[in-house]
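A look at the structure
Take a look at the letters that make up each chain.
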Amino acid sequence: MLLAILYSANNRLSIKNHEMSLNPSSLSRNSFLNIFKSSQVPAILLVAAFIMLTGNHSLFKGILNIYPLTVSNIPFLASLALFFTLLTAMFFLVICHGKLTRWMLALFLVIASQSAYYMDHFGVIIDTVMIDNVMQTNAHEFAGLITPALVMNTILFGLIPAWMILKITPRITDMKLEIKTRVRYLVLFFILIILLIVPFIAGYTSFIREHRIVRFAANPTYTTYSAIKYATQQLSISKNTVLHKTAEDGVLLDPPSSKKELIIMVVGETARADRFALNGYKRDTNPLLAKENIVNLSNVTACGTSTSVSVPCMFSSLGRSKYDKETALEQENILDVLAKNGIEILWRDNNSDSKGVATRMVYEDFKTPTYNPSCEGECRDIGMLSGLDKYIASHKDKDMLIVLHQMGNHGPEYYRRYPKEFERFKPACQSGELRDCSQEEVNNAYDNAILYTDYFLSEVINFLKRYDNHYETAMLYVSDHGESLGEHGIYLHAAPYIIAPKEQTHVPAVVWMGQNFEYKAKDLEPYKDYAFSHDDIFCTLLVAYEIESKTCEAKNGLLARNRNLKYYANNVNTSDPSPVISLADRPQKHI
Ligand SMILES: [Zn+2]
């Protein structure tokens, strides 16, 4: 329909502007080619139609899920298809101008082919969080995402059409005429959109109000909207340099004579709770942790569904409901608060980076052999324990927090996340193209990587045991987010939180406490199935270092909650200070 409209409209223009050949066959061919010479509009419409046809499989799949292809739905479905096509065409008509038009169209074709590939293959949505992930992806991670299917897709639906559009889009000499033509098309399309909506006004109202998520798959309009929003966010972040104070009233209660704290916090990567045997998974993925005197927290929810949200969020005092990247980066996080109370902080990273959390801390990159002695193509998490004895010896009179940011289960190449001897579940998918592997192969590769994390965490505990006589030792492990492994046709993570499946938000968490630590496993055991979340980490760490602050008075960090309970048990004359009763004021979220 678009092509028919542009053909007839441009014929009117081209009669004025171009000579006609007398040969009837060349007349028709020339007329068709001439429409591409008189204005940039036809090229723009062609790109809009091409992207709608090849790059919006996810959008139409989502629409068909809501309105199945039945005879009665066909008129509305056709109306929706035209609506999105016209909207895309109008979008290009408004933003592509002058000499830049051909390059912008070519760029849109390539971006749309990439977005479509990730949306169709992994069921993801290209929103600001996803763009943030892409921007923070390092070369190594990027290489892991390039597959033959992606390359083929980019060539067929991105590069070749982009090359063709660069060839056929004319350079405009008469700018006034071009603007007039565009305005004419914009008005025409606007009227058409009204005509499309009017007969189905009820359908459109419900689609716009209740099915917002489906519209997120509109390619490339939503992708572009997200990119612009992301760029605006980044600009406003870099403008603000003043760091707002947090927990300024913090007081270290620990007497100087007491043993120093030595806590290792392991920030996990892409581990989902239901793949931990400790949470009842049928496979023995936690053979080593199961032997330790740990407390397994079975009901922990992530703050986000991607590293770039979850990591800054879990270290901030904002909590999920108030979290946004800009606010979090502009205020002190828990590491800043601990550091200003005299605690030595070390951040070791085998992931992408600390996502802005450790910018003011001692930071060591373990993704290369410079620091990491365990690199065999891929640098292993276990390498992060190397040289820690030296670090501890040089800070022996201080409280210490060591954060180890794992590579963990980072996808889609799960098979690269563990040494060969951990390939216990076979056959394991040996590709980043998860759809090329069977579900069993994907599960096997993913579970082998969990097995490696089990080993890594047990080694962290073994390391701390060596310091147990002289320090108050503890380990806290929590994953940043989970992972979809093909459930509902979705892979990987970073789904918008409101629609994120529990596989992406329910994360494993484990606490181990040494003999001198203020709390014991038996203190926390009664709460192991309580609904905790990343929101609880800020106050859990503050209380672990025995820092008193009003910031945590109203909050219920894991240890804060336990301390409240102790207080309650010691001060209230009752024979049954039941934890369930005393803590029941907190709404329980069941996953
Ligand atoms: Zn992550």
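Reading the values: rules and limits
Residues numbered from 1 in each chain as written. Predicted model: local features only at pLDDT ≥ 70, side-chain atom pairs only at ≥ 80, totals over all residues. Helix = DSSP H or I, 4+ residues; strand = E, 2+ residues; numbered from the N terminus. Buried ≥ 20, exposed ≤ 12 C-beta atoms within 10 Å, placed from the backbone. Contact = placed C-beta atoms within 7 Å. Axes fitted to C-alpha atoms, helices over the stretch in contact; angles between N-to-C directions. Parallel < 35°, antiparallel > 145°, perpendicular 65-115°, else oblique. Left-handed = near helix turned anticlockwise from the far one by under 90°. Nonpolar A, V, L, I, M, F, W, Y, C, P; charged D, E, K, R; others polar. Pairing = 2+ DSSP bridges. Expected span 1.5 Å × (residues − 1). pLDDT = per-residue confidence, 0-100.

**Quick notes on the overall build of the protein**
Summing up its helical and strand segments, the protein has 23 helices and 14 strands in all. Here the protein holds 591 residues, and the buried ones make up 44% of them. Of the contacts formed within the protein by residues at least 6 apart in sequence, a portion of 73% connects residues at least 24 apart.

**A few points about the packing of helix H5 (residues 74-95) against helix H10 (residues 175-197)**
A packed helix pair is summarised by two numbers, namely the angle formed by the two axes and the spacing between the axes. Running from N to C, H5 and H10 cross one another at 155°; their axes reach a closest spacing of 10 Å. Relative to H10, H5 is oriented roughly antiparallel. In the packing of H5 onto H10, the handedness of the crossing is left-handed. Residues Ser79, Leu82, Phe83, Leu86, Ala89, Met90 and Leu93 of H5 pack against Arg182, Tyr185, Leu186, Phe189, Leu192, Ile193 and Leu196 of H10. Tallied by class, the residues present in the contact of H5 with H10 amount to 12 nonpolar, one polar and one charged.

**Here we look at the sheet that holds strand E12 (residues 506-513)**
With mixed pairing, eight strands are arranged side by side in an open sheet as E5-E4-E8-E2-E9-E12-E3-E13. Of all the strands in the sheet, the pair left with one neighbour each is strand E5 (362-365) and strand E13 (532-533). Of the strand pairs in this sheet, strand E3 (residues 294-301) and E13 are connected by two bridges, and their pairing is parallel. Residue Thr301 lies in a different strand from E13, and its bridge partner there is Ser533. Lying over the sheet, helix H18 (residues 439-465) contacts strand E2 (260-268), strand E9 (471-479) and E12, oriented at roughly 175° with respect to E2.

**Description of H5**
When the terminal C-alpha atoms of H5 are compared, their 32 Å separation across 22 residues agrees well with the 32 Å that a helix rising 1.5 Å per residue should span. Along H5, the positions that sit buried rather than exposed are Leu80, Phe84, Thr85, Leu86, Thr88, Ala89, Met90, Phe92 and Leu93.

**So, the packing of helix H3 (residues 41-54) against helix H9 (residues 148-168)**
Where H3 contacts H9, the axes come no closer than 11 Å and their chain directions differ by 170°. Between H3 and H9, the angle is such that the two are roughly antiparallel. Here H3 contributes Ala43, Val47, Phe50 and Thr54 to the contact with H9, which in turn contributes Phe157, Pro161, Ile165 and Ile168. Looking at the contact of H3 with H9 residue by residue, the class counts come to seven nonpolar, one polar and no charged.

**Topic: the pairing of E3**
Where burial is concerned, most of E3 is hidden: seven out of the eight residues are buried. Judged from the six bridges that link them, E3 and E12 form a sheet pairing that is antiparallel. Considered in E12, the bridge of Asn296 is made with Val510.

**Details of unusual backbone geometry**
A cis geometry characterises the amide bond from Asn219 onward to Pro220, with omega recorded as 5°. As for its placement among the helices and strands, Pro220 is situated in the loop between helix H12 (212-215) and helix H13 (221-239). Cis geometry marks the peptide bond from Lys426 to Pro427; its omega dihedral reads -5°. Here Pro427 lies in the loop between strand E8 (400-405) and H18. With a phi angle near 75°, Ala494 is a residue other than glycine that sits in the positive phi range. If you trace the backbone, Ala494 turns up in the loop between strand E11 (491-492) and helix H19 (502-505).

**Here's the deal with the confidence of the model for the protein**
A residue-level look at the protein finds 86% of positions with pLDDT of 70 or above and a mean pLDDT of 85. Low pLDDT, under 50, characterises residues 1-27; the predicted model gives this stretch 30 contacts beyond four residues in sequence or across chains.

**A short note on the pairing of E12**
Across the eight residues that make up E12, a large majority, eight, are buried. Here E12 shows no split at all, with His506, Pro508, Val510 and Trp512 on one side and Val507, Ala509, Val511 and Met513 on the other all buried. Both E9 and E12 contribute to a ladder of five bridges, which runs antiparallel. Each bridged residue has a counterpart across the sheet, and for Val478 the counterpart in E12 is Ala509.

**Let's talk about the environment of Glu433**
Looking at the element boundaries, Glu433 is found in the loop between E8 and H18. Leaving out residues up to four positions away in the same chain, Glu433 has contacts with Thr147 and Ala149.

**Observations regarding the environment of Asn333**
Relative to the assigned elements, Asn333 resides in the loop between helix H15 (325-329) and helix H16 (334-340). Asn333 sits in the buried class, given 27 other C-beta atoms within 10 Å. In this structure, the C-alpha to C-alpha distance between Asn333 and Cys313, residues 20 residues apart in sequence, is 9.0 Å. Not counting residues within four places of it along the chain, the set of residues in contact with Asn333 comprises Phe315, Ser316 and Val357.

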